[in-house]
Amino acid sequence: TTHLVWFRNDLRITDNRALHAACEDPQARVIALFIATPEQWKQHEMAPRQAMFIYQHLQALQHSLAERGIGLHYHQCDDFADSVDWLKDFCKSEKVDALFYNKQYEFNERQRDAAVEKAVSESVICHAFDDSLLLPPGSVTTGNNEMYKVYTPFRRAFLSRLTESDSRSLPAPQVRGNAGKVVMHRLMPFDYPLADIGDDFAIGEEAARHQLRSFCREQVQDYLEQRDLPAVDGTSSLSPYLAIGVLSPRQCLNRLRTECPDVLEKTDGGAFGWLNELVWREFYRHLIVAWPKLCKHQPFVEWTDNVRWRHAPEELQAWKDGKTGYPIVDAAMRQLNSTGWMHNRLRMIVASFLVKDLLINWREGERYFMSQLLDGDLAANNGGWQWGASTGTDAAPYFRIFNPTTQGERFDKAGRFIKAWVPELADVPERDIHQPHRWAEKQHRVLDYPLPVIDHARARKDTLAAFEAAKNRS
Ligand code: FAD
């Protein structure tokens, strides 16, 4: 018998449910496959950095699979529709008896998988696994069997289900009989823009696991005090690995439990605080399955589509370039543009600024983030943007608007983060760093730094009025 493992967003050999199941029969011939779909990626705005991260992890995966006697086949199609036809032919030519894959939960991906199962149904048995979440979508519901719309009760129900569930990590498959005979063909780079990812994120699942281990050993205790300070390296920086499945959430949970056995009892501790973030990740993924419209550019709260967004291309560009004249916003956007990663507090600040100060459609921000992020993930990104824009489930009410100056003062008091990313402000003293032009005026100096693109107090009033009017029109 031939077992085919189709890798998608699960680029690892350890704790991979589909791979593990495919390898259970020691007699089976196991082959692996990855299909690149550049046209689809373009439609989904995948960042060239993330494409490179995938490509490099694919090379690492090819290596570790080969060491275990599993050859990785690689093919490039335009989009998901093409991949269905191609996969059908591939299964025929390789005489595949069973197809193993881990589920993806986005709408287009689910449509594709349904089409594949149908296309190969005559000759291939399909085994699909819930692998990228601690608990599968649909398994954490209210008394009425509905998905929660608010996070806190979701978390409560989630944690009580989690303690009953089996979340053990699975080992990497054993070396198979034909190890050493696998021919490794060079993987051609994707026909997609690929960008340098720098040195911040090492390649390989071992590197990711090492980072997880040292974070849980050395840093997680201080997570609550440090997680909101962008100048401090206080969060795990594991999101790029989780987004493409180099690391599984079970590995995160189990490592956390090993290092902090009382994580679930000590609910005011850093370990619980970090687990809480993993549960947010689950929440957003469960949401996109319960409400597929979230994958289709629609807001959760329908009336928010009546907001008359401003068409302000120059201000949008200033936001993208980190030239809004608000130091914390600009430092954050420059961090994103040059590294592909942005601190969570800053994601919230820049999202609020785009939507609530510039009154620009949140979809512009969502799209731009995807085009830059190394950890781009539809569910988390959409969830974050709809939260910031007050258009989603569990959204901050629309009248809660961040003040970008006071946010900077609170979370980057001495301006250490700002100075690292906005060199034009190097001479500005600490106490003036959040309002540099006020200082420059007093000093009779001219800064080579833009004036604020908008006045926050006025923008706040305009936004409140625009949301109020939209609500009244509904
Ligand atoms: P840690 O604080 O160490 O958290 C551990 C893990 O939990 C993260 O790696 C991530 O997988 C998950 N996580 C943490 N916070 C959240 C959250 N609020 N929502 C969902 N999952 C979370 N995260 C992405 O992975 N991809 C995105 O595309 C993305 N876009 C975002 C857009 C906006 C506007 C906002 C406000 C948040 C977004 N986030 C996104 C969530 C969060 O900002 C990042 O996951 C986090 O900053 C990653 O850093 P870390 O790995 O050090 O996180």
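What you see is a predicted model; the values in this text were computed from it and never measured.

Caption draft 1: Broad picture of the domain arrangement of the protein chain. For the protein chain, the domain assignment lists domain 1 (2-131), domain 2 (133-168 + 205-290) and domain 3 (302-473). Computed over C-alpha atoms only, the centres of domain 2 and domain 3 are separated by 27 Å. Across the contact, 20 residues belong to domain 2 and 22 residues belong to domain 3. When the buried area of domain 2 at its contact with domain 3 is split by residue, Asp228, Pro230 and Tyr284 rank highest and sum to 34% of it. Close ionic contact of Arg285 with Asp377 constitutes a salt bridge, the shortest N to O distance being 2.6 Å. Inspection of the region where domain 2 meets domain 3 yields five residue pairs in polar contact (both at pLDDT 80 or more).

Caption draft 2: Spatial organisation of the pairing of strand S1 (residues 2-7). The buried fraction of S1 amounts to six of the six residues, a majority that puts the element mostly inside the structure. Residues Thr2, Leu4 and Trp6 point to one face of S1 and His3, Val5 and Phe7 to the other, with burial holding for every one of them. With helix H1 (residues 17-22) bridging S1 and its parallel neighbour strand S2 (residues 29-36), the resulting β-α-β unit is right-handed. Judged from the four bridges that link them, S1 and strand S4 (residues 98-102) form a sheet pairing that is parallel. Each residue of the ladder has a partner; that of His3, found in S4, is Ala98.

Caption draft 3: Here's a closer look at the environment of Glu225. Mapped onto the fold, Glu225 is located in helix H8 (residues 223-226). Residues Glu225 and Gly270, spaced 45 residues apart in sequence, show a C-alpha to C-alpha distance of 8.1 Å.

Caption draft 4: Representation of the state of the cysteines in the model. Tallying each qualifying case throughout the model produces zero disulfides. Of all cysteine sulfurs, the one in Cys216 lies closest to Cys260, which takes part in no disulfide; the gap is 6.4 Å.

Caption draft 5: Spatial organisation of the packing of helix H13 (residues 327-339) against helix H15 (residues 362-372). With their axes 8 Å apart at the nearest point, H13 and H15 run at an angle of 40 degrees to one another. Relative to H15, the element H13 is oriented oblique. Taking contact as the criterion, the partners of Met333, Leu336 and Asn337 in H13 are, on H15, Tyr368, Phe369 and Gln372.

Caption draft 6: Quick look at the packing of aromatic side chains. As enumerated under the stated definition, the model contains 31 aromatic pairs in all. Between Phe369 and Trp385, the ring centres sit 5.0 Å apart and the planes meet at 80 degrees, which makes this aromatic pair edge-to-face. On the criterion of sequence distance, the pair formed by Phe369 in helix H15 and Trp385 in helix H16 (residues 378-388) is long-range, its members being 16 residues apart. Here the aromatic cluster, defined as three or more aromatic residues joined through ring pairs, consists of Tyr148, Tyr151, Phe154, Phe158, Trp280, Phe283 and Tyr284.

About the criteria used
Residues numbered from 1 in each chain as written. Predicted model: local features only at pLDDT ≥ 70, side-chain atom pairs only at ≥ 80, totals over all residues. Heavy atoms only, no water. Domains from an automatic or database assignment. Contact = heavy atoms within 4.5 Å. Buried area = accessible area lost by both parts, 1.4 Å probe. Salt bridge = Lys/Arg side-chain N within 4 Å of Asp/Glu carboxyl O. Polar contact = N/O pair within 3.5 Å; in protein donor to acceptor, adjacent residues only side chain to side chain. Buried < 20%, exposed > 50% of the residue type's maximum accessible area, 1.4 Å probe, protein only. Helix = DSSP H or I, 4+ residues; strand = E, 2+ residues; numbered from the N terminus. Right-handed = clockwise from strand over helix to strand, strands pointing away. Pairing = 2+ DSSP bridges. Disulfide = S-S within 2.5 Å. Axes fitted to C-alpha atoms, helices over the stretch in contact; angles between N-to-C directions. Parallel < 35°, antiparallel > 145°, perpendicular 65-115°, else oblique. Phe/Tyr/Trp six-rings, centres within 6.5 Å; stacked < 30°, edge-to-face > 60°.

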